[in-house]
Amino acid sequence: MCCGGFFKAAGGLGAIVALILVIVALLKQLILLVGFLLTAVKVAIVVIFVALLVMIVLAILRDRSRKRREEI
């Protein structure tokens, strides 16, 4: 049993390497999640902007048709 210390050191080293790999995998997932959330926020901003423009156009058209009815 002259190699007991070697196996103990290799086991500890393996645990550290495994921990580092798990941290790297979690960071990759976190980066993907943040990227997805940023994209979702950007899409939501565009959708809200388009909806606002549509509401403005509808208000303008409704006002025009109301003015035309008042003139008659």
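Coordinates for the structure precede this section.
Here the structure is a predicted model, which means the values were calculated and not measured.

*Asks:* Please set out the overall build of the chain residue by residue, giving values where relevant.
*Replies:* Tallying secondary structure elements over the chain gives 1 helix and 0 strands in all. By the burial criterion, 0% of the 72 residues in the chain qualify as buried. For the chain, the exposed surface amounts to about 6,900 Å²; the carbon and sulfur share of it is 79%.

*Asks:* Could you give an account of the pattern of salt bridges, naming the residues involved and the relevant values?
*Replies:* It is possible for side chains bearing opposite charge to pair when their charged atoms get close. With the rule as written, the count across this model stands at 1 salt bridge. Salt-bridge contacts for K67 lead to D63; the nearest nitrogen and oxygen are separated by 3.6 Å. One end of the pair, K67, and the other, D63, are both in helix α1 (residues 4-71), 4 residues apart, so they sit about a helical turn from each other. Overall, K67 belongs to the partly exposed group, its relative accessible area being 48%.

*Asks:* Could you give an account of a nonpolar patch on the surface, with specific residues and numbers?
*Replies:* The grouping of V46, F49, V50, L52, L53, V54, I56, V57, L58, I60 and L61 at the surface amounts to a nonpolar patch, some 970 Å² of accessible area in total. Along the chain, the position of V50 falls in helix α1. The exposure class assigned to V50 is partly exposed, which follows from its relative accessible area of 44%.

About the criteria used
Residues numbered from 1 in each chain as written. Predicted model: local features only at pLDDT ≥ 70, side-chain atom pairs only at ≥ 80, totals over all residues. Heavy atoms only, no water. Helix = DSSP H or I, 4+ residues; strand = E, 2+ residues; numbered from the N terminus. Buried < 20%, exposed > 50% of the residue type's maximum accessible area, 1.4 Å probe, protein only. Areas by Shrake-Rupley, 256 points an atom, 1.4 Å probe, with all protein chains shown as cover. Salt bridge = Lys/Arg side-chain N within 4 Å of Asp/Glu carboxyl O. Patch = residues over 30% accessible without salt bridge, like charges linked within 9 Å, V, L, I, M, F, W, Y side chains within 5 Å.

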